[in-house]
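Coordinates in review
Residue strings, one per chain:
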Amino acid sequence: MAESRLVGPVRIVGVGLLGTSVGLGLRGRKIETILADASPTNLRIAIDYGAGRAAQPGDQPQLIVVCVPPDVTAEIVARELEAYPGAIVTDVASVKLAPLAELRERGADISRYIGSHPLAGREKGGPLSGRADLFIGRPWVVAAHDAISYQQAGAIDDLILDLGAILVEMTPEEHDLGVALVSHVPQVISSLMARRLTGAAHASLNLAGQGLRDVTRVAASDPDLWVQILSANAAPVRDVLLAYRDDLDRFIDALEDPAAPGAQRQVAEELAGGNAGVARLPGKHGQDRRFSSMVVMVNDQPGQIARLLNDIGELGVNLEDLRLEHSPGAQIGLAEISVLPGVVARLTEELAARGWRIAG
């Protein structure tokens, strides 16, 4: 293990998913972590899991990481800045302009504060969901402002690198516009699509495949938290949704009479626009590379996925991505694997020779 950049101790305020994961990751690097939470139960669980120790009088943290809901982030940051005048403070809230503006209004010492945001998470929250490796390879934005120097903010950079995340520098404005497009609006769209399912016939739901599950996966997220996030970033989210509404209107108009002149061309152009957009998404390790997919049929028996992955490894093929899907009522699963285009033909032939059935 490489030597840690942080000296510590690091105080973590709020031991939900992110706070506990920060603690676990830092403890894995032998950095002293101090935990605080309004819930004694959550605090005890996080301590029992090894994320750190309870706060004590006289603690002098090098860095404070505030991991609380967005509507109280600025309040807690201001309190921590006042209580620990020798510490640098960051937060992990998913909006960055609103907390900074509120801290300025409060007259807080923002020369020791800089907001940050790890783009990592799980559908489940709380300390029981914490993982030491949650941030590895994930972007972590540092939203710089003019009141803090690069030297003072260095501890936050060290935190991000120690946890294995990828440091991304943005202004608070750039951050909030970015997450509105890639995180907040997808949450709204996923939730609205999932809402259509509440009145659907069971026979229709039995037809659901991986596409619907992909679209609605994040709809299971906590509504209370998302009310706070969307309220704090309302203007950028609204702008994206207005443009999305225009897209929907064009699609709806074209489908009103599919036989009308130009209607099918309009549908094709809208779908092609989606192709162009998804092609811009970064691939593995942040590279804009497209991979080819193949689907392997897997018997619903213990050890089959492990055997498939082992066979792919023995063939010297690097697996870029893996998705699993089950067919309702069938004792078989479908493993969609993504690999570099140049190895698809060889991998198909070699897997078939080992007894695997390749769909399509």
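Conventions used here
- Residues numbered from 1 in each chain as written.
- Predicted model: local features only at pLDDT ≥ 70, side-chain atom pairs only at ≥ 80, totals over all residues.
- Heavy atoms only, no water.
- Helix = DSSP H or I, 4+ residues; strand = E, 2+ residues; numbered from the N terminus.
- Buried < 20%, exposed > 50% of the residue type's maximum accessible area, 1.4 Å probe, protein only.
- Contact = heavy atoms within 4.5 Å.
- Core = buried A, V, L, I, M, F, W, Y, C linked by side-chain atoms within 4.5 Å.
- Pairing = 2+ DSSP bridges.
- Axes fitted to C-alpha atoms, helices over the stretch in contact; angles between N-to-C directions.
- Patch = residues over 30% accessible without salt bridge, like charges linked within 9 Å, V, L, I, M, F, W, Y side chains within 5 Å.
- Areas by Shrake-Rupley, 256 points an atom, 1.4 Å probe, with all protein chains shown as cover.
- Salt bridge = Lys/Arg side-chain N within 4 Å of Asp/Glu carboxyl O.
- Lys, Arg positive; Asp, Glu negative; His and termini not counted.
- Charge placed at Lys NZ, Arg CZ, Asp CG, Glu CD.
- Domains from an automatic or database assignment.
- Parallel < 35°, antiparallel > 145°, perpendicular 65-115°, else oblique.
- Left-handed = near helix turned anticlockwise from the far one by under 90°.
- Polar contact = N/O pair within 3.5 Å; in protein donor to acceptor, adjacent residues only side chain to side chain.

A few words on the overall build of the protein chain. Along the backbone of the protein chain there are 13 helices and 12 strands. Taken along the three principal axes of its C-alpha coordinates, the protein chain extends 70 × 50 × 40 Å. Counting all 360 residues of the protein chain, 37% fall into the buried class. In the protein chain, once contacts between residues fewer than 6 apart in sequence are set aside, the share between residues at least 24 apart is 69%.

The next thing to look at is the nonpolar core. A general tendency of soluble globular proteins is for nonpolar side chains to be buried together. With 34 residues, the main nonpolar core has Leu63, Phe135, Trp140 and Leu159 as its most contacted residues. Where this core is concerned, the elements lending two or more residues are β1 (10-13), α1 (17-27), α2 (40-48), β4 (63-66), β7 (139-143) and α5 (154-162). Here the element with the most residues in this core is α1; it accounts for five residues. Core analysis: the second largest hydrophobic core is formed by 16 residues, Val13, Ile76, Ala78 and Ala87 among them.

Spatial strand order, β6-β7-β8: three strands in an open sheet with mixed pairing. Every interior strand has two partners, whereas the edge strands, β6 (115-118) and β8 (166-170), have only one. Taking each pair of neighbouring strands and ignoring which way they run, the sheet shows an average axis angle of 25°. Strand direction decides the pairing type here: β7 and β8, joined by five bridges, are parallel.

Our next topic: a negative patch on the surface. On the surface, Asp246, Asp249, Asp253, Glu256 and Asp257 cluster together to form a negatively charged patch. Since its relative accessible area comes to 38%, Asp249 is described here as partly exposed.

Okay, the domain arrangement of the protein chain next. Split into domains, the protein chain comes out as domain 1 (10-170), domain 2 (178-280) and domain 3 (292-359). Each of domain 1 and domain 3 has a C-alpha centre, and these two points are 40 Å apart.

By the secondary structure assignment, Val13 is in strand β1. Under the relative-accessibility criterion, Val13 is labelled buried at 5%. Separated by 51 residues in the primary sequence, Val13 and Ile64 have C-alpha atoms spaced 7.4 Å apart. Residues in contact with Val13, not counting those within four places in the same chain, are Ala36, Ile64, Val65, Val66, Cys67, Val68, Ile76, Arg79 and Glu80.

Now for the packing of helix α6 (residues 172-195) against helix α10 (residues 234-256). The geometry of α6 relative to α10 is characterised by a closest axis approach of 9 Å and an angle of 60° between their N-to-C directions. One finds that α6 runs oblique with respect to α10. Of the two elements, α6 crosses α10, and the hand of that crossing is right-handed. Residues Asp176, Leu177, Ala180, Leu181, His184, Val185, Val188 and Ile189 of α6 form the contact with α10, whose participating residues are Pro236, Val237, Val240, Leu241 and Tyr244.

With an omega of -5°, the peptide bond running from Gly8 to Pro9 counts as cis. Within the secondary structure, Pro9 sits in the segment before β1. The residue Lys30 is not glycine, and still its phi comes out positive at about 65°. With respect to the helices, strands and loops of the structure, Lys30 is situated in the loop between α1 and β2 (33-36).

Turning our eyes to something else, we now look at the pattern of salt bridges. Under the definition given, this model contains 19 salt bridges. With a shortest N-O distance of 2.7 Å, Glu80 and Arg11 are connected by a salt bridge. Pair noted here: Glu80 is in helix α3 (residues 70-83) and Arg11 is in strand β1, with a separation of 69 residues, a long-range link. The same class applies to Glu80 as to Arg11, namely buried. One salt bridge connects Asp162 with Arg29, and the closest N-O pair in it is separated by 3.7 Å. With Asp162 in helix α5 and Arg29 in the loop between α1 and β2, the pair connects residues that are 133 residues apart, well separated along the chain. Through salt bridges with shared partners, one network takes in Arg307, Asp311, Glu314 and Arg354.

As a further point, take the side chain of Lys96. By the element assignment, Lys96 lies in the loop between β5 (88-91) and α4 (97-106). Of the residues examined, Lys96 reaches a relative accessible area of 1% and is grouped as buried. Among the polar contacts listed, one links the side chain of Lys96 to the backbone oxygen of Ala93, at a separation of 2.6 Å. Only 2.8 Å separates the side chain of Lys96 from the backbone oxygen of Ser116, close enough to count as a polar contact.

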